[in-house]
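Structural overview
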Amino acid sequence: MPIPKKKMIEMYTTMMKIRMFETKVSELFAANKIPGVVHLYIGEEAVATGVCATLRDTDYITSTHRGHGHLLAKGGDVKLMLAEVFGKKTGYCKGKGGSMHIADIDLGILGANGIVGGGPPLAAGAALAAQYKGTDGVAVCFFGDGASNQGTTHEAMNLAACWKLPVVFVNENNMYGLSSCALNTMCVADVADRAAAFGIPGVVVDGNDVIAVYEAAVEAVKRARKGQGPTLLECKTYRHRGHTEGDPGTAYRSKEEIEEWKKKDPIPRFEKRLLQGKVLTKQTMESILTTIANELAAGEQFAEESPYPETSDLTTDVYVD
Amino acid sequence: MPTMNFAEAIRDALRIEMERDPNVYLIGEDVGTFGNVFGVTKGLIDQFGEKRVRDTPITESAIIGAAVGSAACGLRPVAEIMYIDFIGVALDQLYNQAAKMRYMFGGKITIPMVLRSACGAGRGSAAQHSQSLEAWFMHVPGLRVVMPSTPADAKGLLITAIRDDNPVVFLEHKLLYNTKGEVPEGEYTIPFGQADIKREGKDVTVVATARMVHYALNAAEKLAADGIDVEIVDPRTLSPLDEDTILDSVKKTHKLVIVHEEVKFAGSGAEIAAMVAEKAFDYLDGPILRVAAPFCPVPFAPSLETEFIPSEEKIIEGVKTVVQG
Ligand SMILES: Cc1ncc(C[n+]2csc(CCOP(=O)(O)OP(=O)(O)O)c2C)c(N)n1
Ligand SMILES: [Mg+2]
């Protein structure tokens, strides 16, 4: 079935929103306006976009330390995200969480996560809740190639398989866990090969092709909704930036490799397709970008002008009163 | 004496021990060519090779487990957990396996391993990358808990840790890595259970750990201007705890303030306060006071994180409260 034009435009908008958001965060970080650390998603936009385009607001996702893209793709609010990344009281988590801990429960976003491998068991739990309540809700777990080596990840996949939980494990294989190349951290060619260990389907797609990601996710989500259990969907991709802002990312990756992958940038590829398929014109693209730029500018201003939390906020929210 | 920073002092200790004993090896995430996220292990892979500086996948359970198993079989691993916050993923291997094996097996096994990890707040790293969890480890019989505050202490204590036949948790405050100090050349050890008096004084005892030692020292200088003479005791190892040095100091000053970055509730200071109350109650002129973090996770926003971390001002205030009764 061809993908509806509206869906294509929605995905283009999401990808561009992520790219432009992350570019802005990178600039703001360089300008010392953002405390702590940020892990950017530039280069990997097609994964979150293609997967989340198959989800409903009522579906759940678990995210990672590199979470901005997942959150935006699941409908996260730019203003609230930027304010949180700044550590402002008006942010998603009242400034208490920061980039690595943004959540929006109303949108089914069960949080970015500072613990590599923290998300998969949570996703199994969210899927359990959907199954238990008899909704046809689905949980998607985003996790990296690095996280695929954690025991928690394997335990979650096994449990989800045993109970046929409606969860899709979306592996973002960008080939590196911080400085460690996946070639040295696993001895199977694809993370998806590991699905065999749990008796679930393992699918590999070009994670820089948003259409391929979308189509594979449609299948996996359909399976989950029908009660047929989890899928491990591996998306091959690459991060353009270092592990964090401030890491040049070149101590453990060659310049050639980075350049090679930049040629496979998911955004120009999708743009070309949209133009050739006459889904969008250059002009409509421009107007989409202007809208995003305006939204980001407003978000930045909101974040800048917002106050930091007050010291009286320090010990609130620890318990339910 | 050469001057070096805390990270270099730790590297120096690792190098000395690896040169001395071929069974000493490093295991952890990004400890090889990347040289650890704070640069602590930089260059060691060039000298000792991949066999002895072992980069692992992201797999904390297996890191600790492999350290425990190989220690049980004659090696002396120095395992690294990048941030102590990540220990939760691997806790079983530490507290149910490493810590208890000797006891459970009737003393028939030794687990000579060190677990090094970065702890502490102050870098905007939020709730899962900033904790101080020393009290957790203190609570487990079988573990030793080391928490140095200076480069010289870090080096001597790490060498002791590596030579110790027990599992040792070695906690490095991440904001100390760049702090400098004089460090003796070559090998030397600092015995566990031997506190160090970082400043002598007669009016009040301040027991402080890790980064808080430096805050306390600064506070003491300011308090000296007000005529209050502070003695600062740095336990250096929390388990075993040098009770005698703390008690002797309290018997001299009759007043006690305990400063740590952990949350106050059930923190290491609670143990120290209880110990002093049990053993030197009659020497105290008034209540013991703790200056420590409030009972909440480490917040992200700079305005909150600053408030979370005990400050010089709060130490000064605490000392004055105790001294002025
Ligand atoms: C339990 C745990 N171990 C280690 C880390 C440190 N760490 C943060 S991100 C990261 C690399 C993660 O790699 P991957 O899962 O591939 O995600 P990517 O960064 O490539 O998106 C590491 C080692 C952590 N945050 N949590
Ligand atoms: Mg990765």
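Note that the coordinates shown come from a computational prediction; the quantities given were computed from them, not determined experimentally. (Residues numbered from 1 in each chain as written. Chains lettered and ligands numbered in written order. Predicted model: local features only at pLDDT ≥ 70, side-chain atom pairs only at ≥ 80, totals over all residues. Heavy atoms only, no water.)

1. Considering the coordination of the magnesium ion (ligand 2)
Residues and elements named next belong to chain A. Surrounding the magnesium ion (ligand 2) are the protein donor atoms Asp145 (OD), Asn174 (OD1) and Tyr176 (O), at 2.0 to 2.1 Å. Donor residues for the magnesium ion (ligand 2), ordered by position in the chain, follow D-x28-N-x1-Y. Like Asn174, the residue Tyr176 is buried in the burial classification. (Donors = N, O, S within 2.8 Å, 3.2 Å for Na, K, Ca; no water. Buried < 20%, exposed > 50% of the residue type's maximum accessible area, 1.4 Å probe, protein only.)

2. Focus: the confidence of the model for chain B
Here chain B shows a mean pLDDT of 98. Residues at 70 or above account for 100%. Mean pLDDT across the elements of chain B bottoms out in helix α5 (residues 101–104) of chain B (96) and peaks in strand β10 (residues 204–208) of chain B (99). (pLDDT = per-residue confidence, 0-100. Helix = DSSP H or I, 4+ residues; strand = E, 2+ residues; numbered from the N terminus.)

3. Points about the domain arrangement of chain B
Residue and element names in this part refer to chain B. Here chain B is partitioned into domain 1 (3–182) and domain 2 (196–324). Placing a centre on the C-alpha atoms of domain 1 and another on those of domain 2 gives a separation of 26 Å. Between domain 1 and domain 2, the residue contacts involve 28 residues of the former and 25 residues of the latter. Taken together, the two surfaces of domain 1 and domain 2 that pack against each other cover about 2100 Å², and 61% of this comes from carbon and sulfur. Its largest share of buried area at the contact with domain 2, domain 1 owes to Met138, Met147 and Ser149, together 25% of the area lost on that side. The interface formed by domain 1 and domain 2 contains two salt bridges. (Domains from an automatic or database assignment. Contact = heavy atoms within 4.5 Å. Buried area = accessible area lost by both parts, 1.4 Å probe. Salt bridge = Lys/Arg side-chain N within 4 Å of Asp/Glu carboxyl O.)

4. What to know about the interface of chain B and chain A
Between chain B and chain A, the residue contacts involve 31 residues of the former and 36 residues of the latter. Buried area between chain B and chain A, summed over both chains or domains, comes out near 2600 Å², and the portion from carbon and sulfur atoms is 70%. Examining the composition of the side of chain B that touches chain A, we find that five residues originate from one element, helix α11 (residues 302–308) of chain B, more than from any other. By residue class, the composition of the side of chain B that touches chain A is 19 nonpolar, seven polar and five charged. (Nonpolar A, V, L, I, M, F, W, Y, C, P; charged D, E, K, R; others polar.)

5. Things to note about a nonpolar patch on the surface
A cluster of nonpolar side chains, Leu128, Tyr132, Leu159 and Trp163 of chain A, forms an exposed patch at the surface whose accessible area comes to about 450 Å². As for its position among the elements, Leu159 of chain A is in helix α6 (residues 151–162). (Patch = residues over 30% accessible without salt bridge, like charges linked within 9 Å, V, L, I, M, F, W, Y side chains within 5 Å. Areas by Shrake-Rupley, 256 points an atom, 1.4 Å probe, with all protein chains shown as cover.)

6. What to know about the environment of Leu110 of chain A
Residue and element names in this part refer to chain A. Mapping Leu110 onto the fold places it in the loop between α4 (78–86) and α5 (119–133). Look at Leu110 and you get partly exposed, because its relative accessible area is 30%. Here the alpha-carbon distance between Leu110 and Glu257, two residues 147 residues apart in the chain, equals 34 Å. Ignoring any residue separated from it by four or fewer positions in sequence, one finds Leu110 in contact with Tyr60, Ile61, Thr62, Ala103, Ile105 and Ala126.

7. Things to note about the site of ligand 1
Taken together, 22 residues surround ligand 1, and among them His65, Arg66, Gly114 and Asn174 of chain A together with Glu60 of chain B come closest. Around ligand 1, the nearby residues trace back to chains A and B. For ligand 1, an oxygen atom lies 2.9 Å from a polar atom in the side chain of Asp145 of chain A. For ligand 1, an oxygen atom lies 2.8 Å from a polar atom in the side chain of Asn174 of chain A. Bound to the protein, ligand 1 loses 97% of the 580 Å² it would expose on its own. (Near = heavy atom within 4 Å. Polar contact = N/O pair within 3.5 Å; in protein donor to acceptor, adjacent residues only side chain to side chain.)

8. Some details on the pairing of strand β2 (residues 24–28) of chain B
Residues and elements named next belong to chain B. Among the five residues in β2, five count as buried, and that is most of the element. The alternating pattern of β2 places Val24, Leu26 and Gly28 and Tyr25 and Ile27 on opposite faces, both of which are buried. Of the pairings in the sheet, the one linking β2 to strand β4 (residues 76–83) comprises five bridges and is parallel in character. For Val24, the partnering residue across the bridge sits in β4 and is Arg76. Note that β2 and strand β3 (residues 53–55) share three bridges and pair parallel. Across the sheet, the residue bridging to Leu26 is Val53, located in β3. (Pairing = 2+ DSSP bridges.)

9. So, the packing of aromatic side chains
Under the defined criterion, the tally for this structure stands at twelve aromatic pairs over all chains. Ring centres of Tyr252 of chain A and Phe34 of chain B lie 5.8 Å apart, and the angle between their planes is 70 degrees; on these two criteria the pair is classed as edge-to-face. Here Tyr252 of chain A, found in the loop between β7 (231–236) and α9 (255–263), pairs with Phe34 of chain B, found in the loop between β2 and α2 (44–52), and the two come from separate chains. A single burial state applies to Tyr252 of chain A and to Phe34 of chain B, both of which are buried. On the basis of an interplanar angle of 55 degrees and a centroid distance of 5.0 Å, the ring pair of Phe265 of chain B and Phe295 of chain B is categorised as tilted. Remark: Phe295 of chain B occurs in the loop between β14 (289–293) and α11 and Phe265 of chain B occurs in the loop between β13 (256–263) and α10 (268–280); sequence separation between them is 30 residues. Residue classification places Phe265 of chain B among the exposed positions, given a relative accessible area of 58%. When its relative accessible area of 41% is taken as the criterion, Phe295 of chain B is described as partly exposed. One aromatic cluster in this structure is built from Tyr176, Tyr238, Tyr252 and Trp261 of chain A together with Phe34 of chain B. Directly above the aromatic system of Tyr176 of chain A lies the positively charged group of Arg253 of chain A, at a separation of 5.9 Å from the ring centroid. (Phe/Tyr/Trp six-rings, centres within 6.5 Å; stacked < 30°, edge-to-face > 60°. Lys NZ or Arg CZ within 6 Å of the ring centre and 35° of its normal.)

10. A few points about the environment of Arg194 of chain A
Residue and element names in this part refer to chain A. Within the element layout of this structure, Arg194 appears in the loop between α7 (182–185) and β6 (202–206). Classification of Arg194 as buried rests on a relative accessible area of 17%. A sequence separation of 40 residues divides Arg194 from His154, and the C-alpha atoms of the two residues are 8.9 Å apart. For Arg194, the contacting residues outside a window of four places in its chain are Ser148, Asn149, His154, Thr185, Met186, Val188 and Leu232. A polar contact of 3.0 Å, which involves the side chain of Arg194, links it to the backbone oxygen of Ser148.

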